[in-house]
Structures are given as C-alpha cells and as structure tokens.
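Understanding the architecture of this molecule
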Amino acid sequence: MSRYLFRRTLEAIPTLLGTSVLIFALIHFIPGDVTSAILGERATEEAAARIRALYGLDRPLTEQYFIWMGNLARGDFGETIRGGIPISLELSRRFPATAELALIALFLATLIGVPIGIISSIHRNSLLDAVSMFGALLGVSIPIFVLGLLLIFIFGVELEWLDFVGRIDNDISIPTITGFYLIDSLLQGNLRAFGNAAGHLILPALTLMTVPLATTARITRSTMLEVLGQDYIRTAHAKGLTRRAVIVGHGLRSAMLPIITIIGLQMGGLLSGAVLTETIFAWPGVGKWLFDSIVARDYPIVQNVTLLVAGIYILVNYLVDLLYAFADPRVRVAA
Amino acid sequence: MKRVISSVLFAVMLLAIAPALAQDGTTFTWGTFGNPVSLDSMNTTDGISFRVITQGCEGLLRFDKGTTNTLPNLATSWETSEDGLTWVFQIREGVSFHDGTPLNAEAVAWNFNRWGNTDHPEHFEEFIFTYYEYFYGGFDDESVIASVEATGEYEVTFTLNAANGVFLTNMAPTMTSLHSPTAVRENGTAYGDPEVGFVCTGPYQFVEWLPDQRVVLESNPNYWRETEGNVDRVVFQVIPDNAARFAALRAGQIDGTEQINVEDLDAIEMDDSLAIQMRPPLNILYVAFNFRVVELQDARVRRAISMAFDREAIVEAFYPPGAVVAKTQVPPSLWGFNDDIPFEAYDPDGARALLAEAGYPDGFSTMTIVGADEDGNVTDEVIDQRPFTIWYQPVVRPYNPDGQAIGEAMASYLADIGIDATLETRDWGEFLQLGRQGELFGIYQLGWSADTPDPDNFTGTFFINTTNPLPRSGWYQNPELDALLKTARATSSQEAREPMYQQADQILHDDVARLWIAHTGVPLGFRSCIEGYYANPVAEYYSTVVNNCG
C-alpha cells in the first residue's frame, strides 16, 4: 500500500512540471500583453517598454520560465503586476471563498444526487424515474447564468428571502481563522454571522450544484442498474436479506467506485473556481480572479494560480484513489 | 435525527433573513462593476479606482457639482505671470491629511516632485505615474513643469518650460489630487494597496478594501468644508454582472449604479422606487483612417465613406438613450464645440458619385499599404496589398456599446457604395498596441473619454506632434492643424483658445481626417430616496448625496 502511495506521489511531479510548461507557453503565446491593462489607453510605447523591462517581460521566454520556477521553489508566488498585491495574500482570501462554496455545493449535490439515482434505478422506467432523469437533463442543460439570475429575481428581489451579493453583509465582520465563514462564525460563537453567511451561500450553492447533482444522479442510476442485475444480488435476495440491506449493503457498495470517481472529478473542477457563479453572485473567489487575470495578462497570477489549481486537481484525484482502496478491497490487494 | 436537521435548517433560514432588515440610513452604497486597481491616484488609470479616490482625495481645484467648471479648493487663489510660465498658488490654511499631517506648501510641492522626478525616493519604479506623463508631456526634463517649490508656508510656485492652457484645469481632476507625504513614505510601495488605501484631505477617509468585495469609506471628522449631504459612510459594492447589480438595486442592497443593461432602463422608468439620471456625454466614438492606405489618402474616398454611414440609424439602433450623433471631435457639452459645422448627411448616391470621381466607379475590395520612414513620414513604397478592413473595438465602452454590431452595420453601408470590407478585431491589449503603432490598416473604431474638461484633451491629444502621435493617429499629418493646436495649448486665456479649437474641428471636417460617430451619455440608476447626486462626466462627489431611504 505504501509503495502504491509513493508511486502516485512521484507521478504527480512530471504532471505538475508539464502543466507549468503548458500554462507558461499558453499565456505568453496568446497575443496582447500586460502593459495595456496597467497603463490604460493613454500609454505611450516608451512607458510600455519601461513596464516590460521592470517585470522582465523583455527577457527570453526560457529565462522567464526558469525565473518563475526558481521563485516557486523558494515558495514565492510574487505580486500581481496590476496593483502589486502579494499573490499568496490574495489566495489566502479567495481560495477559502471558492472552497466553501464548492464543498457546500458538492455536499448538496451528493446528498440529493445519490439517493435520486438509487431510487430511479430501483423504480426503473416508472414515472418517478422519468421525472428525476428529466430533472437531471435539465440540470446539466440549463445555463448557469440563467438559473442564477432566475433564483436572484425570485428569492432575492421578489420574495426578499435570501441575500445574493457576496459572502456576508457589509456590517458584519468575521475575524479570519480558516477563511470559511461558516466555520469561523461558529468558532467565535457568532450565530448572526453564521446565519448571514449561510443565507448568502444558499443561492450560489443551489446554482453551482445543478450540474454535479445531475451528473451524480445519472451515474448513480446507470451504475446501480448494472449492479442490481448481477447474480450476487439475486443470491442476496434469495438468502432472505431485506430489500434495504441488499440495495445499500450489496448494490450501493459495489456501485461506489464510479460514483466516487465522478464526485472526485467534479470536486477538482469546482475547487478551481466557478467563473459564472462567482460573477453573478459577486463571490470573491478564485475563478473570477483568474478569468480577469487572463484578460489582463497578469502573468504571475495566471501562472501561479493555474498551477495551484492543477495541484489541487491532482491531490483530489489522489484522495479519490485512496478512497478506491478503502471502498474496493481488490485495489488494496493489487497495490 | 430528521427533526434536528430540519430545526437547524429552519434556524439558519431565520438567521439569514433577519439581518437583511437592518439598514443604516446614512450609508450610501454604490454598485460598481469591478475592483479598483490602486487608490494612489497617480498609480492607476482606471475609472473605478478614480471614483473611489475622488470621494477622499482632493486637488488644488475641484469641479463645481454637476458641471465641468472649476472652483478653488485646496488652493484659495492663484496668479500667473504674463508669459504664463510662472504660477503662484496660495494654499488653504488649517487643512490636514487624514493622518494629521498638515497640508502646506511643502506637501503640495512634494506631491508634484514625487510624480514628475524619476529620482525622487518615492517615485517608485513599480508605479506608473501615467497621468503625470500624459498631462505634462513626460518626466524630468521632458515635463512642461520645470520646478515646483514652496515659496512660503502656504505658497507654492510652479515654473513652466512653456505656457500651457490646460495647466490650471489639470489641477482639478482626481489624478492630481494630493496624498499625505507621511503616509506614502511610511508605506512605500504598499501605498494605495488594499491594506493601506489612501490618506488624503477629502470628506471621506479610507476604512477597508476587500478586493472584489467592497471598499468602505467613512466621514472625515476634521474635514475643512461644510458638506451638503448626510452620508457618513460610503460603500463601493463590487457586483460584476450587470443584471445581478440591477437586481441588487431593485432589492435595495445598493443605492445607485451604472452600466445598466439597456433592457433594464425601461424597468427603472416604470418603477416608482427607482430613478434614472443621465451623465452628460463627454466622450466620442470615432472611425479613424489609416493614411498608409493609398486609397484612403484621397479625400474624396474618405468623404464618400463618411457619406455612406447613416449615423442617426447607428445611434438609434445601438446606443442607449442620451446618445447623440457626433459631427466634431469636441462634444457639444464642452466649450470649444463648433456648432457651425454641418452634420454629414447620409447620402449613398453622392458617395458612389464621389468614389467614381476618385477613380473607383465599381468601388474596391483591397487596399494598398505603403511604408513609413524612420522619422514617421509615410513613403510611396508599396509594401502590401490586403483586403480592405474595418477594425471593430473588441470591448464595450460607454461610447461604443457594441463594436462588432456597429462594425457589421458599417460594413453593410460600405457594401452599399461598392466597398467590400472585411471585419477584423484583436484582443483589446493587442488592438491598442496596433493602434499605437499605426498598424490597424484600413479604417478602425476607437473612442475617447475625457480626463479633463478641456478641448485640448480631445483634439490636442491626437493631432499635436509630441511623443508618437503620427502612428497612433493613423499617420495623419497636417502642419497647419499641428501649429494651431500648439498655439492653443500654449495660450492661457480660454476666450482666446476657444476659436482655435473651433477652427481645428473645422480643419478636421474639411479634410475628412476622421469620422465622428456618437457622443454617449451614461445612464445611472438610483433608488428614488437618494437625492443630491450630481451626475458629472469628470468627477462625481458623494459628499452632496442625501440618503432619505431610512
């Protein structure tokens, strides 16, 4: 088992290096440069040249790449070119925002999606199955900005039940401990802040969860259908187990691998930030920041944050593999 | 277990709803579409940063509310020598920066020297000082300002290298507002960052800036002037999406905003709880000719293209209410506007006849590009033949709500007179760079929003030969115009300058140097209970706002 883990860790290194080359090449080869974003439309060519020289953007690309790698090796993420703000500081503010939203959305998606998938598979081809699968299709099809704005207008503007701007009301401040507002407010026993932060989370989480919910439900259904047709399920029924014990204990347990895989992949995706959801709900996360930085060609942000996101993706996949081993003894034995 | 979960969920819902009822009557929340870049006014060029800085930082002059007229502010009076080379300002006594540092002549001189002298210890190399370079023609010896000295405790003397008609007006915009020398020295390059903000003399002082969330300012208890408004806390709430920001206005989460989708303007008009104000137009969308295209060197071809466009239809189809068709570069709301110049009438028949006269009876679809020598003069050497191109702006600007759609309309108007044009664009940064280098071959959309309410900011910016204006003005050269605009810039009296700018626009019109398309007002949306907001294209001061929302 430990050899397996060691091998997986080693495998991550070339993947990250490859990603760093790819990111660097992509952001530097697309046309346009950072000077226009900094100097605005009044820039002179002289001022643009001054900025390029200051940030080493006039040096050969290979040299720029190795300077970046050298800084990374020292744990230095550098500063944003536009505004000169330390990137690690910004990340420490924005990543918890993205992660809190992603975890809640994925938690809800799993909590609702897996049971829907199971029920659909048990009642295959029934009205219930048709309705839930149609709902799932709708979930993957409806554009995020349409759903987000619809929820805002219904629950935010017309009913005035829920907040939809940012993470918390402006008159409430929570001293940062973890950066997760739900946790920080509870740690400080500030129930008002907790309620307010939770209220701000509901609409963006509902918006963000639709795609993973639909995907999870569909994957659960198809995997369960496959598993429930197996001989050992018939044997389990024959030996007199209750229906629940058969479905949960034998069926779901065997269907877990693909479900864990799909949830893990979605987790990796969501943690890299959800540009549309963050834009609509003014959520100060990583996705919108990264998007703006690409537009502005703020190279240090794009390079470092994308690499970090890739690292998180790899880490999540790694954890998924560990869960495999936990869920499926054959993986343990093979390892 | 189920009961516990449902009780917790119910409690969360209750707690979530309750605080929404709390609303502070003296807070003014402005919904902004983006995050500021820096709160040091000389280290940024973007409107969002300037809007925040304007509420807390002041210059020697300020704008009268709702107009582009200037008033004394941190300077109480000033005198200029007859040759316009020496300016002596009397500085207001008893004013302090937010950190208690006294405002005196030393502090004023320190600010200007910091911006203009590259060897000044606080002229940080990471900072851009773009507007100093732009307002005063460069740094150090290149700057029109030769020296700034404290000649008394409250007297500052500026010595100029050349008389400059815009010098005084440039003391009013946010870019030249004064910052505390102590705060800049103490914070170094962190000055203007989210952790530090600004330290100035204005009615509001910096409280916090959470990037992509909000900037909060609160009343300066020691402000030197009585203010009209009742707002003691200003919040800039970042909501990037236009529709979501409008929803926040309807829900009362913000008190005012801009960049409202055109389709939402009708909703505001029908809703008694909301109101619209129009920020007057002080901008222009133009179409420039690249004079390294042989076909465009013929004034008859340029006139034909001008006559081919139905500007009224373009404004009607693509612009929000408040936009007007342009006939000069200087907008009608600014002094120096020449109302005697006629609008270019839409006349496709006349355009076709002119094209035929110029030797293109069947129009054309390709263009011939010639070179430029080292001095920036256009040569006769043919370097390329390409499809004739219309470059459209890839970004939305107040003066250009939809570059692509307007470009497509222009292409169809040109097709109507026989000119077959290809549409092209680039990433905005590259587009600007190509524009600066004069390599947008064909005709191209670009625009301008005023930094300062002076016709020099429109006409002088493009047609005076300073750093590299020939390429960025599409290689247009006109010595008569250049001389006239230089004289206008070096003249102090507005009465003397006004006819010069009117004549300049007449020359541009006669020469068909550029096509003027539209000047655009910007609709602002408010809750009806907000009063005392004076929409102004150069600076909007929130210290006059009265919040009656209760």
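Of the regular secondary structure elements, chain A holds 15 helices and zero strands. If one aligns the C-alpha atoms of chain A with their principal axes, the spans along those axes are about 85 × 55 × 40 Å. Here chain A has roughly 15700 Å² of accessible surface; of this, 69% comes from carbon and sulfur atoms. Charged side chains in chain A number 25 positive and 25 negative. The centres of these two groups are separated by 12 Å.

For the rest of this paragraph, the subject is unusual backbone geometry. Residues and elements named next belong to chain B. Of note, Asp140 is a non-glycine position whose phi angle comes to about 50 degrees, a positive value. Residue placement: Asp140 occurs in the loop between helix H4 (130-136) and strand S6 (145-152). One non-glycine residue with positive phi stands out, namely Trp475, at about 65 degrees. One can find Trp475 in the loop between helix H14 (469-472) and helix H15 (479-489). For Trp475, a relative accessible area of 8% corresponds to the buried category.

Because the α-helix completes a turn every 3.6 residues, residues three or four places apart line up on one side. Residue and element names in this part refer to chain B. The first and last C-alpha atoms of helix H3 (residues 105-116) sit 17 Å apart over 12 residues, in line with the 16 Å expected at 1.5 Å per residue. Taking burial as the measure, the 12 residues of H3 include 10 buried ones, the bulk of the element. Among all positions in H3, only Ala105, Ala107, Val108, Ala109, Trp110, Asn111, Phe112, Arg114, Trp115 and Gly116 are buried. Those residues of H3 that are buried lie in contact with strand S5 (86-91), H4, S6, strand S7 (155-160) and helix H5 (181-187). For H3, the N-terminal cap is Asn104; the gap from its side-chain oxygen to the backbone nitrogen of Glu106 is 3.2 Å.

Residue and element names in this part refer to chain B. Under the criterion given, the structure shown has 47 aromatic pairs over all chains. With a centroid separation of 5.7 Å and 80 degrees between ring planes, the pair formed by Tyr131 and Tyr134 is classed as edge-to-face. Residue Tyr131 and its partner Tyr134 are located together in helix H4, separated by three residues, close to a single helical turn. Judged by relative accessible area, which is 3%, Tyr131 ranks as buried. Stacked on the ring of Phe343, the Lys or Arg Lys327 has its end atom at 4.9 Å from the ring centre.

Residue and element names in this part refer to chain A. Entries for chain A in the domain assignment read domain 1 (2-73) and domain 2 (91-334). Taken together, both faces of the contact between domain 1 and domain 2 bury some 1800 Å²; the carbon and sulfur share is 71%. Counting across the interface, domain 1 meets domain 2 through zero salt bridges. Here domain 1 is connected to domain 2 by two residue pairs in polar contact (both at pLDDT 80 or more). Mapped onto the side of domain 1 that touches domain 2, the elements with two or more residues apiece are helix H1 (2-29), helix H2 (34-39) and helix H4 (61-73). Looking at the side of domain 1 that touches domain 2 element by element, the count peaks at 13 residues for H1. Residues belonging to the side of domain 1 that touches domain 2 are distributed by class as follows: 14 nonpolar, six polar and two charged.

All names here are of chain A. In total, this model carries 35 salt bridges over all chains according to the counting rule given. Of the charged contacts, one joins Glu100 and Arg167 as a salt bridge, the two residues approaching to 2.6 Å between their closest N and O atoms. Here Glu100, found in helix H5 (residues 87-122), pairs with Arg167, found in the loop between helix H7 (144-158) and helix H8 (181-187); they are 67 residues apart in sequence, far enough to count as distant. For the pair formed by Glu100 and Arg167, the shared burial category is buried.

To continue, consider the nonpolar core. Residues Leu60(B), Phe89(B), Phe158(B), Ile305(B) and Leu414(B) are the most contacted members of the largest nonpolar core, which totals 149 residues. Of all the elements, H3(B) adds the most residues to this core, at seven residues. With sequence-adjacent residues up to four places away left out, Leu414(B) is seen in contact with Ile305(B), Ala308(B), Phe309(B), Phe388(B), Ile390(B), Ile419(B), Ala421(B) and Ile443(B). Membership of the second largest hydrophobic core comes to 44 residues, among which are Ile118(A), Tyr181(A), Phe194(A) and Ile247(A).

Among covalent bonds in proteins, the disulfide is the one between the sulfur atoms of two cysteines. Residue and element names in this part refer to chain B. A complete count under the given rule lists two disulfides over all chains for this structure. Between the sulfur atoms of Cys57 and its disulfide partner Cys200 the distance amounts to 2.0 Å. Taking the sign of the S-S torsion, 65 degrees for the link of Cys57 and Cys200, the bridge is right-handed. Here the residue Cys57 occupies a position in the loop between helix H2 (47-54) and strand S2 (61-63), and Cys200 occupies one in the loop between H5 and strand S8 (204-210), the gap between them amounting to 143 residues. Residue Cys200 is classed as buried on the basis of its relative accessible area of 0%. A sulfur-sulfur distance of 2.1 Å marks the disulfide that ties Cys529 to Cys549. With the S-S dihedral at roughly 85 degrees, the linkage between Cys529 and Cys549 falls on the right-handed side. One end of the pair, Cys529, is in the loop between strand S21 (522-527) and strand S22 (530-531); the other, Cys549, is in the segment after strand S23 (546-547), and 20 residues separate them in sequence. A relative accessible area of 19% places Cys549 in the buried class.

Attention now goes to the pairing of strand S9 (residues 214-219) of chain B. All names here are of chain B. For S8 and S9, the ladder comprises six bridges, and the chain directions are antiparallel. Within S9, the position partnered with Leu210 by the bridge is Arg214. Hairpin connection from S8 to S9: three residues lie between these consecutive antiparallel strands, with Asp212 at a positive phi of about 65 degrees. By the bridge criterion, five bridges tie S9 to strand S10 (residues 233-238) in an arrangement that is antiparallel.

Together, Glu46(A), Asp119(B), Asp140(B), Asp141(B) and Glu142(B) make up a negatively charged patch on the protein surface. Locating Glu46(A) in the fold gives a position in helix H3 (residues 45-54). With relative accessibility at 45%, the residue Glu46(A) sits in the partly exposed group.

Rules used throughout
Residues numbered from 1 in each chain as written. Chains lettered and ligands numbered in written order. Predicted model: local features only at pLDDT ≥ 70, side-chain atom pairs only at ≥ 80, totals over all residues. Heavy atoms only, no water. Helix = DSSP H or I, 4+ residues; strand = E, 2+ residues; numbered from the N terminus. Areas by Shrake-Rupley, 256 points an atom, 1.4 Å probe, with all protein chains shown as cover. Lys, Arg positive; Asp, Glu negative; His and termini not counted. Charge placed at Lys NZ, Arg CZ, Asp CG, Glu CD. Buried < 20%, exposed > 50% of the residue type's maximum accessible area, 1.4 Å probe, protein only. Expected span 1.5 Å × (residues − 1). Contact = heavy atoms within 4.5 Å. Polar contact = N/O pair within 3.5 Å; in protein donor to acceptor, adjacent residues only side chain to side chain. Phe/Tyr/Trp six-rings, centres within 6.5 Å; stacked < 30°, edge-to-face > 60°. Lys NZ or Arg CZ within 6 Å of the ring centre and 35° of its normal. Domains from an automatic or database assignment. Buried area = accessible area lost by both parts, 1.4 Å probe. Salt bridge = Lys/Arg side-chain N within 4 Å of Asp/Glu carboxyl O. Nonpolar A, V, L, I, M, F, W, Y, C, P; charged D, E, K, R; others polar. Core = buried A, V, L, I, M, F, W, Y, C linked by side-chain atoms within 4.5 Å. Disulfide = S-S within 2.5 Å. Pairing = 2+ DSSP bridges. Patch = residues over 30% accessible without salt bridge, like charges linked within 9 Å, V, L, I, M, F, W, Y side chains within 5 Å.

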